[in-house]
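These are the residues of each chain, in order.
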Amino acid sequence: MISVSADQTVTEAGAFAKEVKATFPVIHDPEGKIFDAYAVGPMPTNVVLGRSGKVVGIIEGVDLKALDAAVAKALVSK
């Protein structure tokens, strides 16, 4: 799991990671290149990739049930 921050500065991105006690890498992308590549709209958006690197789910907003289902699908994908 990684998180992508669109904050303007690395300091802001780091502060958020500390605040939520992130145990995963947080990538700083102030120009939004990653967001553009995956057509990310609303925040938060979770893009779940399967083992092959293909997108198996895109969850917009806070929907833990959908996120759990996408992660389960990713774990069994080839």
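Above this text sits the structure in question.
First, a word on what this report is: a plain description of the structure on this page.

What counts, and where the lines are drawn
- Residues numbered from 1 in each chain as written.
- Predicted model: local features only at pLDDT ≥ 70, side-chain atom pairs only at ≥ 80, totals over all residues.
- Heavy atoms only, no water.
- Salt bridge = Lys/Arg side-chain N within 4 Å of Asp/Glu carboxyl O.
- Buried < 20%, exposed > 50% of the residue type's maximum accessible area, 1.4 Å probe, protein only.
- Helix = DSSP H or I, 4+ residues; strand = E, 2+ residues; numbered from the N terminus.
- Polar contact = N/O pair within 3.5 Å; in protein donor to acceptor, adjacent residues only side chain to side chain.
- Contact = heavy atoms within 4.5 Å.
- Expected span 1.5 Å × (residues − 1).
- Arc of directions from axis to C-beta.
- Pairing = 2+ DSSP bridges.

Description of the pattern of salt bridges
Moving on, step 1. In the structure shown here, the tally under the stated rule is one salt bridge.
Moving on, step 2. The salt bridge involving Lys33 is made with Glu31; its shortest N-O contact spans 3.4 Å.
Moving on, step 3. Of the residues examined, Glu31 reaches a relative accessible area of 61% and is grouped as exposed.

What to know about the side chain of Ser5
Moving on, step 1. With respect to the helices and strands, Ser5 occurs in strand β1 (residues 3-5).
Moving on, step 2. Among the polar contacts listed, one links the side chain of Ser5 to the side chain of Asp7, at a separation of 2.9 Å.
Moving on, step 3. Excluding residues within four positions of it along the chain, Ser5 makes contact with Ala13, Val26, Ile27, His28, Asp29, Pro30 and Phe35.

What about helix α3 (residues 64-76)?
Moving on, step 1. Between the first and last C-alpha of α3 there are 19 Å, a value that for 13 residues agrees with the 18 Å anticipated at 1.5 Å per step.
Moving on, step 2. Along α3, the positions that sit buried rather than exposed are Leu67, Ala70 and Ala74. Buried positions in α3, seen along its axis, are confined to an arc of 65° and lie on one side of it. Of the exposed residues in α3, those oriented more than 90 degrees away from the buried face are Lys65, Asp68, Leu75 and Val76.
Moving on, step 3. Packed against the buried residues of α3 are β3 (45-49) and β4 (55-60).

Quick look at unusual backbone geometry
Moving on, step 1. Omega for the bond connecting Met43 with Pro44 falls within 30 degrees of zero, at -10°, which places this linkage in the cis form.
Moving on, step 2. Look at Ala39: it is not a glycine, yet its phi comes out positive at around 55°.
Moving on, step 3. Within the secondary structure, Ala39 sits in the loop between α2 (33-37) and β3.

A closer look at the pairing of β3
Moving on, step 1. Pairing of β3 with β4 involves five bridges; the strand directions are antiparallel. For Asn46, the partnering residue across the bridge sits in β4 and is Ile59.
Moving on, step 2. Hairpin connection, β3 to β4: the antiparallel pair is bridged by five residues, and Gly53 has positive phi, about 95°.

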